[in-house]
Amino acid sequence: MYRTLHEGWTMSATGTTSGDHPRWVRPPRLDVIPATVPGSVHTDLLAAGLIPDPYVDDHELELGWIGRTHWQYTTRFDWQDDGSERVDLVCDGLDTVAVVEVNGHRVGSTANMHRRYRFDVREHLRAGVNELAIAFVAPYEYAEEQVRRLGDRPGPYDEPYPFIRKMACNFGWDWGPTLVTAGIWRPIGLHSWSGARIAEVRPSSRPDGVDVTVVVERASPAAVPVEVSVTVGDVCVEGKAAAERDEITLRVDVPEPRLWWPRGHGEQHLYDLAVTAADDTWSGRVGLRRVELDPDAFRLIVNGEPVFVRGFNWIPDDPFPARTGPAELRERFGQAVGAGANALRVWGGGVYESDAFYDLADELGLLVWQDFPFACAAYPEEGPFPAEVEAEARDNIARLMGHPSLVLWCGNNENVEGHQHWGWPAELDGRTWGAGYYHDLLPRLVAELDPGRPYWPGTPYSGTPDGDVHDPSTGTVHIWTVWGSADYTHYADYTPRFVAEFGFQGPPTYATLRAAVSDDPLTPDSPGVRHHQKAADGNRKLLTGLGDHLPRPSTFDDWHYWTQLNQARAMAFGVRRFRALMPYCMGTVVWQLNDCWPVTSWAAVDGGRRCKPLWYALRRAYAPRLLTFHEDGIAVVNDTAEPWTATLTLTLRNLDGSVVDRAELPLTAAPRAVAVSGVPLRGSPAQVLEATFDGHRDLRFFAEDPRVPFPPAEFDAHVTDVPGGHEVHITARTILRELALFPDRLHPSATVDDQLVTLLPGESVVFTVHSDVPLRPGALLSHPVLRCVNERSPHA
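Rules and cut-offs
Counting from 1, residues in each chain are numbered in the order their sequence is written. Given that the model is predicted, a residue must reach a pLDDT of at least 70 before its local features are reported, and side-chain atom pairs must reach 80 or more before they are shown or counted; all residues, however, enter totals for whole chains, interfaces and linings. Side-chain numbers come from the whole structure's heavy atoms, not from hydrogens or water. Here, any two strands with at least 2 DSSP bridges between them count as paired. Segments assigned H or I by DSSP are reported as helices when at least four residues long, segments assigned E as strands when at least two residues long, and all are numbered from the N terminus. Here an axis means a line fitted to C-alpha atoms, over the contact stretch when the element is a helix, while the angle between two N-to-C directions is reported on a 0 to 180 degree scale. An expected span of 1.5 Å times one less than the residue number is assigned to each helix. The buried label applies to any residue whose accessible area, calculated with a 1.4 Å probe on protein chains only, is under 20% of its type's maximum; exposed applies above 50%, and partly exposed to all values in between. Any two residues whose heavy atoms approach within 4.5 Å at even a single point are treated as in contact. Any pair of N or O atoms that falls within 3.5 Å is considered a polar contact. Within protein, one atom must be able to donate a hydrogen and the other to accept it, and sequence-neighbouring residues count only if both atoms are side-chain atoms. By convention in these notes, a salt bridge is any Lys or Arg side-chain nitrogen within 4 Å of a carboxyl oxygen on Asp or Glu.

A. Fine view of the sheet that holds strand S24 (residues 305-307). Overall, antiparallel pairing links the three strands, which are arranged S22-S23-S24 in an open sheet. At either end of the open sheet lies a strand with only one pairing partner, and these are strand S22 (291-294) and S24. The average undirected angle you get between the axes of adjacent strands in this sheet is 35°. Inspection of the sheet shows S22 paired to strand S23 (residues 299-302) by four bridges, in the antiparallel sense.

Structure (structure tokens):
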């Protein structure tokens, strides 16, 4: 029997470590306060009114003392002896270094946020009221002691995150706050049992069934056989774990199997899986499929069919991950799917996500690439870390391997690149940096526990330890020359096999920024806006990135619109380029889907869970069928199972819409293939080339927007009320370049169904706006809510 222990918790500070900062603001008293479990120190302090909201203005800077404070969580619970041979305290997630006591007796200690712990506490329980206390060591104290003991290692920030097995981005990132927390972040409870229990279930699926390894633990040293049964769907197989063994593997063959497919390739059929061992039971779901990796091309193959990965990188959705539950995940996954994604990469600076995360991916057909938690730094390989890494890897490989959505284990994020290209060897001076994890320990554990799933040592990675990770002809690449230094058109200089990271920054939506920043007025460089830009030199790069593409902004409103638009254009340009290279290139994983707080970043969905213009641009660029100008031609990209046949029409127009020339030709793109046609028409900056194909359209202008002689925008518009909001009807009298509607400027609940629509003269569009409150029609049609590149000056 299992019972949670989530009630009656309190929390208190028990001491602080060395270190101080003039911006830190400690409460005058830190008495015992109520605590929420699962949760964290920060969220408990926030609920008690003892700290300000770290997301607002620069309040984050006041809270650095929290990660240098020791904390204790305490609860009392009633227990009565039911005769069970064992009573275990089961801790699904303790963050991070802690000592656990029951009724004053030390029952165990922890040093790893990424793994589960189980402690036998029966002998320390007493009938009636019992006390459970968990004392957390200040994360900085532990990590800095390891630095002193083992010697420092190179990394991107002056933070000791490689020296503690904890979510790395808690220590800050170039998109995230420094909020180094502690606490009971996943469920905790008591498990009473006798005889034998199911300690682990490792399902390894194949197209015609499942091989299920069941690990049992016995309550007493007496070795007795354990009856085990495994049921997949309607098929049951029985066996017996011999007295001298603690595991058994049963093969379950499924007649007329229904396969699990990635999104866009077939249905996501899931079979119920039930396991019994003695009196214990376990249940889950499995999907039948085979996954392979062609390492040279870095091509993922599912059930024999190559899959072009249209993906997003995923970061922790909240600095306090206990707040990310199934509802939040379902919303975020809906945004990923809504943008056309078929994959998520769980980035190595975060955590192994919750069971709900992978369950949703299974249901929706989203492929999951799982990094082991190592990111952007050299990691020590001396004790106690190898044992901790092995324990966490074993735990999570077994926990996650039953999910058909999980298609790849990856050793690290950018650590091999750091050793090759960031000058690490000189700084390391012979000290370890993690190579033993990525090239020995982790692949060995995957081969032992999960041999049916590919392992890749890191990303970027060219396939061999001595191969240059920047070689685009094999393996994976990360493209950060764009954003870092080069214009986004530099994406056209790359012909990669698989792009696992690339991104371009833009500010969050207005409503998200306004809720987080109290600056009056808002400016790109006002203190709050600047604090919510974590990238080095980020605001300068935003302006530099405009290049010749867009005008220089003179107001905050123009800065906000131009930089959001530029982000959307940059990423759409890259995605379209790489998709047009299919099947040579077989994947794009955009950095990044989500933000964990309100910030100017590379995300498509901001920290307020609002879609930025980038999201709408990617929805077009990630559509299964795509028409896109490509190099000197035009590409018809068909990522579906059926041929795509139509007439390609190319129309050269003046900016007033009049036709200058036209060409037509029949074209067919085979299933999962690209057809490329030459473009016989050329124009001038005063013209636009329109390509249409089976209802799809792309436009090519012959100069950057500031050099195109656009007429001042003229249009007819009206607003009608509909249930839950409004429809905004716009008919162009002149060309309207990148028409966008920002209703969140009127109310934070307001959203719009489309963005960045270019209309030729005479064309119309209807935007649907949803809002919790009615919005003023005149405001919906006015600057700065309604924008386009060639708009008339609002002051004219």
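B. Spotlight on helix H5 (residues 385-400). Between its first and last C-alpha atoms H5 spans 22 Å; for 16 residues at 1.5 Å apiece the expected length is 22 Å, and the two agree. Taken as a whole, H5 has its buried residues at Phe-385, Glu-388, Val-389, Glu-392, Ala-393, Asp-395, Asn-396, Ile-397, Ala-398, Arg-399 and Leu-400.

C. Layout of the sheet that holds strand S10 (residues 128-136). Here six strands make up an open sheet; going across it, the order is S3-S2-S4-S10-S7-S8 and the pairing antiparallel. Because the sheet does not close on itself, it has two edges, and the strands there are strand S3 (33-34) and strand S8 (105-111). Note: strand S7 (residues 97-102) against S8, six bridges, orientation antiparallel. Considered in S8, the bridge of Val-97 is made with Ala-111.

D. Up close: the environment of Arg-745. If you trace the backbone, Arg-745 turns up in the loop between strand S42 (736-741) and strand S43 (751-752). In this structure Arg-745 comes out as buried when scored by relative accessible area, which is 17%. Separated by 235 residues in sequence, Arg-745 and Tyr-510 have C-alpha atoms that sit 6.1 Å apart. In this structure Arg-745 touches Tyr-510, Phe-556, Asp-557, His-560, Pro-784 and Val-785, once residues within four positions along its chain are discounted. Side-chain polar atoms of Arg-745 contact the side chain of Asp-557, separated by 3.0 Å.

E. Spatial organisation of the pattern of salt bridges. Counted under the stated rule, the structure contains 60 salt bridges. The partner of Asp-120 in a salt bridge is Arg-86, with the nearest N and O atoms 3.3 Å apart. Residue Asp-120 is found in strand S9 (residues 117-120), and its partner Arg-86 is found in strand S5 (residues 86-91); the two are separated by 34 residues along the sequence. Among the residues examined, Asp-120 registers a relative accessible area of 39% and is labelled partly exposed. A salt bridge links Glu-763 to Arg-697; its shortest N-O distance comes to 2.7 Å. Placement of Glu-763 in the loop between strand S44 (757-759) and strand S45 (764-770) and of Arg-697 in strand S39 (residues 696-701) is noted, with a sequence separation of 66 residues between them. Here the salt bridges share partners, and the residues they tie into one network are Arg-86, Asp-88, Arg-118, Asp-120, Arg-197 and Glu-217.

Everything listed here is a matter of coordinates, which is why it stays silent on function.
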